[in-house]
Amino acid sequence: MRSTASSASKRGPIAIVGAGLIGRAWAIVFARAGHPVRLHDMDLQTMQNSHAYIEARLNELAEFDLLNDAPLTVLSRITCVPDLAEALRDVVLVQENVRETVEAKIDIFSRMDALAPKDAILASSTSWLPASKFTKDLLGRGRCVVAHPTNPPYLVPLVELCPAPWTESEVMIRAHEIYTAAGQSPVVLSREIHGFLLNRVQAAVLNECFKLHEEGFASSEDIDRVLKDGLALRWSFMGPFETIDLNAPAGVSDYAKRYGQQNRETIHSENAFDWSESAVARVHDERRQKLELEGIALRSAWRDRRLMALAAHKRQAPNS
Ligand SMILES: NC(=O)c1ccc[n+]([C@@H]2O[C@H](COP(=O)([O-])OP(=O)(O)OC[C@H]3O[C@@H](n4cnc5c(N)ncnc54)[C@H](O)[C@@H]3O)[C@@H](O)[C@H]2O)c1
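Residues numbered from 1 in each chain as written. Predicted model: local features only at pLDDT ≥ 70, side-chain atom pairs only at ≥ 80, totals over all residues. Heavy atoms only, no water.

Enquirer: Help me understand the UniProt feature "domain: 3-hydroxyacyl-CoA dehydrogenase C-terminal" (unreviewed entry) in the chain in this model?
Expert: Taken from the UniProt record, the annotation "domain: 3-hydroxyacyl-CoA dehydrogenase C-terminal" (unreviewed entry) applies to residues 195-265. Note that residues 195-265 is 77% helix and 0% strand, and that its end C-alpha atoms are spaced 26 Å apart. (UniProt positions renumbered as here; feature names shortened; annotations may be inferred. Helix = DSSP H or I, 4+ residues; strand = E, 2+ residues; numbered from the N terminus.)

The following block contains the structure:
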């Protein structure tokens, strides 16, 4: 995608609307990249708590050498702003992170459209909702876009940029430039699709994992191992297309000639997993044998520290 030297690349102020799990993480991304960040939430307590949370994450990032500035310098770029109009004043981009319902998104986007500068991009972190569901009636609908992050975005850089039918191409170019300059790895969809790209790929993998488990072929632990000790080791450096390109001497078409038929026979759409309560419960119970619910926060913190080590490693050995 063509990149232009717009005001966006000059590290203008960015508003984060909704300071929950994802909003706080976005604040880290943009402040780390040098943007002044205005963090807004309708819940004052949430905003107050976010400060200590962000400081702790910044200290961890510094430990792994993943910050260019001192944690307190990055933290000083983030201001909690209880008034929405004040939070949106002079911003180049608003990153919306309120709860995942069409009603909540319609409400907050109509207020953001009324209050933000006319040339500011209005981006939603929505995981599943196409922007056309909540921006149709806005005067400024041409500047609205989905920018779906991967949790946590300060460690996992993929951002899915998905336009509504009325999103202006200039907005897509500018959004791409802002996220790239902030250290993210944006991908651009040509048009809307339910679940965008990442959640569709994840849904396909989950579908097969649940089916294999439901039919008793292996334990949930061993099926997890297929990814973490197998496929995902390569996938953290290259995608499935590049993987198969390297797995046959003459590349993808050679792979297809050798293994295409077996792949076709493996996948039957009538085999789609139905997400039945009983089958999900069996995996849930197996997981609870390994990890009690109370341990999830600690395990998530462990995951994030492993991701930091991986991010630090990948920074030393760029893969392209
Ligand atoms: N959690 C994930 O892994 C993940 C990953 C990618 C995208 N997302 C998307 O990000 C968005 C936020 O998810 P989350 O997990 O951070 O949710 P969350 O519940 O942790 O945070 C939502 C925050 O929004 C605030 N809020 C609600 N309505 C508001 C309003 N009108 N004005 C200001 N603040 C308001 C709430 O007080 C809360 O603090 C959702 O659309 C979700 O689909 C989540």
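Enquirer: Just checking my understanding: could you explain the domain arrangement of the chain for this structure?
Expert: Buried accessible area, meaning the area lost when the parts come together, often serves as the stated size of an interface. Looking at the assigned domains, one finds that the chain contains domain 1 (7-188) and domain 2 (198-316). Using C-alpha coordinates to define each centre, domain 1 is positioned 29 Å away from domain 2. For the domain 1 and domain 2 pair, buried surface summed over both sides reaches about 1300 Å², with 61% attributable to carbon and sulfur atoms. Looking at the side of domain 1 facing domain 2, the largest losses of area belong to F64, L66 and L155, adding up to 41% of the total buried there. Applying the counting criterion to the domain 1 and domain 2 interface returns two salt bridges. We note a salt bridge from R305 to E60, for which the minimum N-O separation is 3.6 Å. There are four residue pairs in polar contact (both at pLDDT 80 or more) connecting domain 1 and domain 2. (Domains from an automatic or database assignment. Buried area = accessible area lost by both parts, 1.4 Å probe. Salt bridge = Lys/Arg side-chain N within 4 Å of Asp/Glu carboxyl O. Polar contact = N/O pair within 3.5 Å; in protein donor to acceptor, adjacent residues only side chain to side chain.)

Enquirer: What's the story with unusual backbone geometry in this structure? I'm lost.
Expert: A negative phi angle is the norm for most residues apart from glycine, just as the trans form is the norm for most peptide bonds. Cis geometry marks the peptide bond from N151 to P152; its omega dihedral reads -10 degrees. Within the secondary structure, P152 is located in the loop between β6 (144-149) and β7 (158-163). One non-glycine residue, D90, lies in positive phi territory at about 65 degrees. Looking at where D90 falls in the secondary structure, it is placed in the loop between α4 (84-88) and β4 (93-96). Phi angles above zero are rare outside glycine, and W275 is one such case at about 55 degrees. If you trace the backbone, W275 turns up in the loop between α11 (251-266) and α12 (277-290).

Enquirer: So what exactly am I meant to see when it comes to the side chain of T135 here?
Expert: Position of T135 among the secondary structure elements: in helix α6 (residues 132-135). Owing to a relative accessible area of 0%, T135 belongs among the buried residues under this scheme. Sequence-distant contacts of T135, defined by excluding residues within four places in its chain, comprise F109, R141, C144, A164 and W166. (Buried < 20%, exposed > 50% of the residue type's maximum accessible area, 1.4 Å probe, protein only. Contact = heavy atoms within 4.5 Å.)

Enquirer: Quick question: what am I supposed to make of the sheet that holds strand β5 (residues 121-124) here?
Expert: Pairing between the strands of a sheet comes from backbone hydrogen bonds, and it takes one of two forms, parallel or antiparallel. Across the sheet, which stays open at both edges, the eight strands sit in the order β3-β2-β1-β4-β5-β6-β7-β8 with mixed pairing between neighbours. Whereas interior strands pair on both sides, the edge strands pair on one side only; in this sheet they are β3 (78-80) and β8 (185-188). Between one strand and the next, the sheet's axes are offset by a mean angle of 25 degrees, whatever the strand orientation. Pairing between β6 and β7: five bridges, direction antiparallel. Following the sheet pairing, A147 is matched in β7 by L161. Of the strands in this sheet, β2 (37-40) and β3 touch helix α2 (residues 44-63), which is tilted by about 130 degrees from β2. (Pairing = 2+ DSSP bridges. Axes fitted to C-alpha atoms, helices over the stretch in contact; angles between N-to-C directions.)

Enquirer: Just to check I follow, could you spell out helix α5 (residues 102-115) for this structure?
Expert: Residue pairs three or four apart in sequence face the same way in an α-helix, which turns once every 3.6 residues. For α5, built from 14 residues, the straight-helix expectation of 20 Å at 1.5 Å per residue is met to within 8% by its first-to-last C-alpha distance of 20 Å. Three or more residues of α5 are buried, namely A104, K105, I108, F109, M112 and D113. Down the axis of α5, the buried set is contained in an arc of 150 degrees. They therefore lie on one face. Facing away from the buried surface of α5 by more than 90 degrees, the exposed residues are E103 and A114. Buried positions along α5 lie against β1 (14-17), α4, β4, β5, α6 and β6. (Expected span 1.5 Å × (residues − 1). Arc of directions from axis to C-beta.)

Enquirer: Would you mind going over the site of the ligand with me for this structure?
Expert: In the region of the ligand, 21 residues are neighbours, and I22, D41, E100, K105 and S127 sit closest. One of the backbone N or O atoms of I22 is found 2.9 Å from an oxygen atom in the ligand. M42 is positioned with one of its backbone polar atoms (N or O) 3.2 Å from a nitrogen atom of the ligand. Burial of the ligand by the protein amounts to 77% of the accessible area it has alone, namely 840 Å². When residues of the shell around the ligand are traced back to their parent elements, those giving at least two are α1 (21-32), α5 and β6. A per-element tally of the shell around the ligand places α5 first, with three residues. For the shell around the ligand, the class distribution of residues is six nonpolar, 10 polar and five charged. (Near = heavy atom within 4 Å. Areas by Shrake-Rupley, 256 points an atom, 1.4 Å probe, with all protein chains shown as cover. Nonpolar A, V, L, I, M, F, W, Y, C, P; charged D, E, K, R; others polar.)

Enquirer: What exactly am I supposed to notice about the packing of helix α8 (residues 198-214) against α12 here?
Expert: To describe two helices that pack against each other, one gives the angle between their axes and the distance between the axes. As a packed pair, α8 and α12 sit with axes 10 Å apart at the nearest point and diverge in direction by 85 degrees. Taken together, the axis directions place α8 and α12 in an arrangement best described as roughly perpendicular. Along its contact with α8, which presents F210, H213 and E214, the element α12 presents A279, V280, R282, V283 and E286. Residue composition of the contact of α8 with α12, by class: four nonpolar, one polar and three charged. (Parallel < 35°, antiparallel > 145°, perpendicular 65-115°, else oblique.)

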